[in-house]
Amino acid sequence: MEQTLHLDNRANSEILLERARILAKPLTKEEETGEGVEVLSFMLNGERYCISMEYVREVTVLRHLTSLPGTPDFILGIISIRGRVISVTDLRVFFDLPRKGLSDYNKIIVLSGEGMEFAVLADQVDGVSWQNLSHLTPPPDTIRGIGKEFLIGVFPGPLILINSRVILTHPRLIVDRSRDKG
């Protein structure tokens with residue numbers, strides 16, 4: 001047991017050192033001179049999407065999801081993260097993309113901003129990267145299901161940039177208790 005724990009600590013140390021080396025990497029000329037955005041990229045139904053890190057509070061594994069009756073079908077339920085109760089939204093359903101079942105590998109991305117906080121489901125989280133805004137092109141007309149209002153554009157790769165502010169303030173995702181009072 002002690003030897004296993006020692007190996008786990010060594011493996012964790014190596015992982016942390018590798019992350020530190022990557023984060024300490026100097027910026028390229030393009031990153032220094034071009035106007036850009038730091039994004040978190042993730043997979044949904046086999047396509048790569050990204051969200052500005054400005055709105056990302058944290059990323060965690062989806063665990064202990066509690067479903068809520070009477071909520072729209074794009075609301076998977078709620079979870080507790082360190083004592084905070086957070087709703088989980090399935091963007092695939094919200095964007096009218098094909099549904100896919102949940103797995104042990106699903107991650108959630110907690111978004112925060114514009115007075116709102118909720119999590120979105122991701123099939124896989126790829127990581128954080130710097131994207132030069134000069135490489136951003138308008139969303140093509142061929143993107144189906146997702147309303148153009150939710151997209152800012154597409155980076156090469158392709159990497160689809162979601163408009164986090166619009167998602168965080170969209171009326172379908174905001175619970176307004178004042179409307180329930182009669």
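Quick caveat: nothing in here was measured; it's all calculated off a predicted structure. (Residues numbered from 1 in each chain as written. Predicted model: local features only at pLDDT ≥ 70, side-chain atom pairs only at ≥ 80, totals over all residues. Heavy atoms only, no water.)

### Re the nonpolar core
The condition is simple: We call a set of buried Ala, Val, Leu, Ile, Met, Phe, Trp, Tyr and Cys residues a nonpolar core when their side-chain atoms join them within 4.5 Å. For the exposure calls, accessible area comes from a 1.4 Å probe over protein chains only, and a residue counts as buried if that area is under 20% of its type's maximum, exposed if over 50%, partly exposed in between. Runs of H or I in DSSP of at least four residues are treated as helices and runs of E of at least two as strands, each being numbered from the N terminus. Throughout, a residue-residue contact means that at least one pair of heavy atoms, one from each residue, lies within 4.5 Å.
Counting 28 residues, the largest nonpolar core has Phe 42, Leu 91, Phe 95, Ile 109, Ile 162 and Ile 167 as the members making the most contacts within it. The leading source of residues in this core is strand 7 (residues 116-122), at four residues. Once residues lying within four places of it in the same chain are set aside, the contact partners of Leu 91 are Leu 44, Val 120, Ile 162 and Ile 167. Residues Leu 62, Val 88, Val 110 and Leu 121 belong to the second largest nonpolar core, which totals 10 residues.

### Here we look at unusual backbone geometry
The phi angle of most residues is negative, glycine excepted, and most peptide bonds adopt the trans form. The peptide bond linking Gly 157 to Pro 158 adopts the cis configuration, its omega dihedral lying at -20°. Mapped onto the fold, Pro 158 is located in the loop between strand 9 (151-155) and strand 10 (159-162). One non-glycine residue with positive phi stands out, namely His 64, at about 50°. A relative accessible area of 72% places His 64 in the exposed class. Phi at Arg 82 takes a positive value of approximately 50°, unusual for a residue other than glycine. Inspection of the secondary structure puts Arg 82 in the loop between strand 4 (75-81) and strand 5 (84-89). With a relative accessible area of 65%, Arg 82 lands in the exposed category.

### A look at the sheet that holds strand 3 (residues 56-61)
Strand pairing in a sheet relies on backbone hydrogen bonds, with the paired strands running either antiparallel or parallel. Condition: Each pair of strands is called paired provided DSSP finds at least two bridges between the two strands. Orientation is described by axes fitted as lines to C-alpha atoms, over the contacting stretch for helices, and by angles from 0 to 180 degrees between their N-to-C directions.
The strand order across the open sheet built from five strands is 3-6-7-5-4, with neighbouring strands paired in mixed fashion. Each having just a single partner strand, strand 3 and strand 4 make up the two edges of the open sheet. Looking at each pair of strands side by side, their axes are set apart by 30° on average, direction ignored. In this structure, strand 5 lies alongside strand 7, joined through two bridges in parallel fashion. Bridged to Val 88 within strand 7 is Ala 119.

### Overview of the sheet that holds strand 8 (residues 124-132)
Across the sheet, five strands lie side by side as 8-1-2-10-9; this open sheet has mixed pairing. Edge positions in the sheet fall to strand 8 and strand 9, since each of these pairs with one other strand and no more. Within the sheet, the average angular offset between the axes of one strand and its neighbour, ignoring direction, is 30°.

### Concerning the side chain of Glu 58
The cut-off we apply is this: Contacts described as polar in this section are N or O atom pairs within 3.5 Å, which, within protein, must combine one atom able to donate a hydrogen with one able to accept it, while residues neighboring in sequence count only if both atoms come from side chains.
Position of Glu 58 relative to the elements: it lies in strand 3. Overall, the relative accessible area of 15% leaves Glu 58 in the buried class. A distance of 2.5 Å separates a polar atom in the side chain of Glu 58 from a polar atom in the side chain of Arg 82. For Glu 58, the contacting residues outside a window of four places in its chain are Ile 81, Arg 82, Arg 84, Ile 108, Ile 109 and Val 110.

### What about the packing of aromatic side chains?
What counts, and what does not: When two rings of Phe, Tyr or Trp (its six-membered ring) have centres within 6.5 Å they constitute a pair, described as stacked for plane angles under 30 degrees, edge-to-face for angles over 60, and tilted for the intermediate range.
Scanning the model with the defined rule gives three aromatic pairs in all. With a centroid separation of 6.1 Å and an interplanar angle of 25°, the aromatic rings of Phe 42 and Tyr 49 are classed as stacked. An identical accessibility class is assigned to Phe 42 and Tyr 49; each is buried. Ring geometry for Phe 94 versus Phe 150: centroids 5.2 Å apart, planes at 65°, classification edge-to-face. With Phe 94 in helix 3 (residues 91-94) and Phe 150 in the loop between strand 8 and strand 9, this residue pair connects regions lying 56 residues apart in the sequence. Judged by relative accessible area, Phe 94 falls into the buried class, the value being 4%. Chaining the aromatic ring pairs together yields one cluster made of Phe 74, Phe 94 and Phe 150.

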